[in-house]
Amino acid sequence: MTREGKEGDTEEEFVHSPFIRKQGNIYKPNNKDMDNDSLNEKTMEDIHTKEIDLVNRDPKHINDDVVKVDFEDVIAEPAGTYSFDGVWKASFTTFTVTKYWCYRLLTALVGIPLALIWGIFFAILSFLHIWAVVPCVKSYLIEIHCVSRVYSICVHTFCDPLFEAMGKCLSSIRVRLSKEV
């Protein structure tokens, strides 16, 4: 829908639905179908249909310092103790290819079951946090507020006069240190 502005410009009205499913392949990296206007719209998006980036698979850099292990990080020959160039090249190739294919094979065999387990784990964690932890903490804070008021009244009623009296009694005590030879 469009409507006329004061100066003859057209403004677009958007009807917002709770979830807008994007058309096309959700696995397509860097989808070019989205233009700048659609990025500026204030819409809720279904998080299950968001696009995943097949190029940058660690956008939040959570594994930058953990698993970046290359051949040079593990095997290094100091000056004066070099192996044959062919052995060094073959070792590099063997290490790199083995690491690459073992990782791919392990992720193919174990990745999906672990993703299922981690999905269940974080679902349970979210459920417990939303339905148990936060209500318990809120309840505790409400109850402790009442207890703290009673405690504060008791301290001000009984302890404050006692400590004031003791302070006045003991305020005239003077301590003098002298060194006798």
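Look up: the structure comes first, before these words.
Counting of residues starts from 1 at the beginning of each chain's written sequence and follows it residue by residue. Note on the predicted model: pLDDT of at least 70 is required for a residue's local features to be given, and 80 or more for side-chain atom pairs to be given and counted; whole-chain, interface and lining totals, by contrast, use all residues. Just so you know, side-chain values use all the structure's heavy atoms and leave hydrogens and water out.

## Considerations on the overall build of the protein
As a reminder of what qualifies: For the purposes of this entry, the term helix denotes a DSSP run of H or I that reaches at least four residues, the term strand denotes a run of E that reaches at least two, and both are numbered from the N terminus. Exposure categories follow from relative accessible area, calculated using a 1.4 Å probe and restricted to protein chains: below 20% of the type maximum is buried, above 50% is exposed, and the middle band is partly exposed. A contact between two residues is defined here by any heavy atoms of the two lying within 4.5 Å.
Tallying secondary structure elements over the protein gives 3 helices and 2 strands in all. Walking the protein from its N terminus toward its C terminus, one meets helices and strands in the order β-β-α-α-α. Classification of the 181 residues of the protein by burial places 3% in the buried group. Restricting to contacts in the protein with at least 6 residues of sequence separation, those with at least 24 account for 47%.

## Overview of the pattern of salt bridges
Inclusion rule: When a carboxyl oxygen of Asp or Glu is within 4 Å of a side-chain nitrogen of Lys or Arg, the pair counts as a salt bridge.
Summed over all chains, the structure comprises 1 salt bridge. Ionic pairing is found between Asp70 and Lys99, a salt bridge with its closest N-O pair at 4.0 Å. With Asp70 in the loop between α1 (36-40) and α2 (71-74) and Lys99 in helix α3 (residues 85-170), the pair connects residues that are 29 residues apart, well separated along the chain. On the basis of relative accessible area, Asp70 is assigned to the partly exposed category, the value being 42%.

## Focus: the side chain of Asp58
Heads up, the rule is: His is not counted, nor are the chain ends; Lys and Arg add positive charge and Asp and Glu add negative charge. Here a polar contact is recorded for every N or O atom pair within 3.5 Å, except that within protein the pair must consist of a potential hydrogen donor and a potential acceptor, and residues adjacent in sequence are included only if both atoms are side-chain atoms.
Mapped onto the elements of the fold, Asp58 is located in the loop between α1 and α2. Salt bridges are absent for the buried Asp58, whose nearest opposite-charge side chain, Lys68, sits at 7.1 Å. For Asp58, the side chain forms a polar contact with the main-chain nitrogen of Ile62, separated by 3.0 Å. Leave out the neighbours within four places in its chain, and Asp58 touches Asn63 and Asp64.

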